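Understanding the architecture of this molecule
So the chains spell out like this:
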Amino acid sequence: MKYALLTISLFILSISSYAQEFENGTIITQRYDTIANVKIEKLNDVKSLLHLTYIDENGNEQKPAIESVKSYTRGDENFTRIYQSGEMILVKQITEGKKLNLYERNYKGSTTYYVEKVFDEILKVPSSESKYNRFLENFLSDSPEISQKIKSKELQDLKEIVMLYNKG
């Protein structure tokens, strides 16, 4: 009896772990076509940069090549393509601000951040601590108070720095 209960429990657990979760979203293709009111499969951030599966208006499952997608929203999340180091890459938008946007890319086991002054270039945030502070201090030099706090290492958290810069 215990063996049968254990087998049934494992079966139910394995089925539920394969259940797909979808959220409402919109897709914009490289040709600027908009595919609205679709259900987009909820994946982790790494897989979301590599694969896209959605259910169209007719209930059919679609799997477009990720290279054909310019951007997409899934619930509250926004994934967009940026131009960096001579190539177009897909990133997750962490912060959309009036002055500064923050993007994140989880790829091959590492997380890379990109900052963009609105209507300006997008730059990769260095991962080494010594370059990180100097980069942010120079990049945000038009805000002396924030720049000074970065220099003195009073401000270290990138998301907090972006939030404060957008407020100022």
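Structure: above.
What to know about the overall build of the protein chain
Counting its secondary structure elements, the protein chain contains five helices and ten strands. Burial statistics for the protein chain: of 168 residues in total, 37% are counted as buried. Taking all contacts inside the protein chain whose residues are at least 6 apart in sequence as the whole, residues at least 24 apart take part in 34%. Approximately 11000 Å² of the protein chain is accessible, and the part contributed by carbon and sulfur atoms is 51%.

Focus: helix α4 (residues 144–151)
Three or more residues of α4 are buried, namely I146, S147 and I150. Seen end-on, α4 carries its buried residues on one side only, within an arc spanning 100 degrees. Along α4, the residues that are exposed and aim more than 90 degrees away from the buried face are P144, E145 and K151. For α4, the elements touching its buried residues are α3 (129–139) and α5 (158–167).

A look at the sheet that holds strand β3 (residues 54–55)
Within a sheet, adjacent strands bond to each other through the backbone by hydrogen bonds, running parallel or antiparallel. Taken in spatial order, the ten strands line up as β4-β3-β2-β1-β5-β6-β7-β8-β9-β10 in an open sheet, and their pairing is antiparallel. Edge strands, defined here as strands with exactly one partner in the open sheet, are β4 (61–62) and β10 (122–124). When strand β9 (residues 110–117) meets β10, the two strands line up antiparallel, connected through three bridges. Bridge assignment links Y114 to a residue of β10, and that residue is K124. Relative to strand β8 (residues 100–107), α5 is tilted by about 160 degrees, and along the sheet it contacts β7 (87–95), β8 and β9.

A look at the packing of aromatic side chains
The final tally for this structure, using the stated rule, is two aromatic pairs. When the ring of Y72 is compared with that of F79, the centres are 5.0 Å apart and the planes differ by 20 degrees; the resulting orientation is stacked. For Y72, a relative accessible area of 1% gives the class buried. Between F135 and F139, the aromatic rings sit 5.5 Å apart at their centres with planes inclined by 10 degrees, giving stacked as the arrangement.

Remarks on the pattern of salt bridges
This structure, assessed with the given rule, holds eight salt bridges. Residue E129 pairs with K153 through a salt bridge whose shortest N-O separation is 3.8 Å. Of this pair, E129 sits in helix α3 while K153 sits in the loop between α4 and α5, and the two are 24 residues apart along the sequence. Residues joined in a network through salt bridges with shared partners are E23, K42, D45, R74, E77 and K92.

Re the layout of surface pockets
For the largest pocket, the calculated volume is near 220 Å³. As for the largest pocket, its lining consists of Q84, S85, E87, I89, R105, Y107, S110, T112, Y114 and K124. Those elements that place two or more of their residues in the lining of the largest pocket are β7, β8 and β9. Looking at which element gives the most residues to the lining of the largest pocket, the answer is β9, with three residues. Looking at the lining of the largest pocket residue by residue, the classes come out as three nonpolar, four polar and three charged.

Basis of the calculations
- Numbering of residues starts from 1 in each chain and follows the order in which that chain's sequence is written.
- This being a predicted model, a pLDDT of at least 70 is required before a residue's local features are given, and a value of 80 or more before pairs of side-chain atoms are given or counted; all residues contribute to the totals for chains, interfaces and linings.
- Computation of side-chain values covers all heavy atoms of the structure but excludes hydrogens and water.
- Helix and strand definitions here come from DSSP, where helices need a minimum of 4 consecutive H or I residues and strands a minimum of 2 consecutive E residues; each element is numbered from the N-terminal end.
- When accessible area is computed with a 1.4 Å probe and restricted to protein chains, residues below 20% of their type maximum are described as buried, those above 50% as exposed, and intermediate ones as partly exposed.
- In what follows, a contact means two residues having at least one pair of non-hydrogen atoms within 4.5 Å.
- Under the convention used here, a 1.4 Å probe and the Shrake-Rupley method define accessible areas, while residue burial counts only the protein chains that appear.
- Taking the helix axis as origin, the arc is that swept by the directions to the C-beta atoms.
- Note on pairing: two strands pair once DSSP finds at least 2 bridges between them.
- Every angle, taken between N-to-C directions, lies between 0 and 180 degrees, and every axis is a line fitted to C-alpha atoms, over only the stretch in contact when it is a helix.
- Stacked, tilted and edge-to-face are the three classes assigned to paired rings of Phe, Tyr and Trp, where Trp is represented by its six-membered ring and a pair needs centres within 6.5 Å; plane angles under 30 degrees give stacked, over 60 edge-to-face, the rest tilted.
- By convention in these notes, a salt bridge is any Lys or Arg side-chain nitrogen within 4 Å of a carboxyl oxygen on Asp or Glu.
- Only protein atoms enter the 1 Å grid used here, on which a cavity is any set of points holding a 1.4 Å probe that cannot leave and a pocket is any open set flanked by protein within 12 Å on both sides along at least five of seven lines; residues with an atom within 4 Å of a point are listed as lining.
- Grid points are joined across faces, edges and corners, and a volume is the space filled by probe spheres set on the points.
- Residues are grouped as follows: Ala, Val, Leu, Ile, Met, Phe, Trp, Tyr, Cys and Pro are nonpolar; Asp, Glu, Lys and Arg are charged; every other residue, Gly included, is polar.

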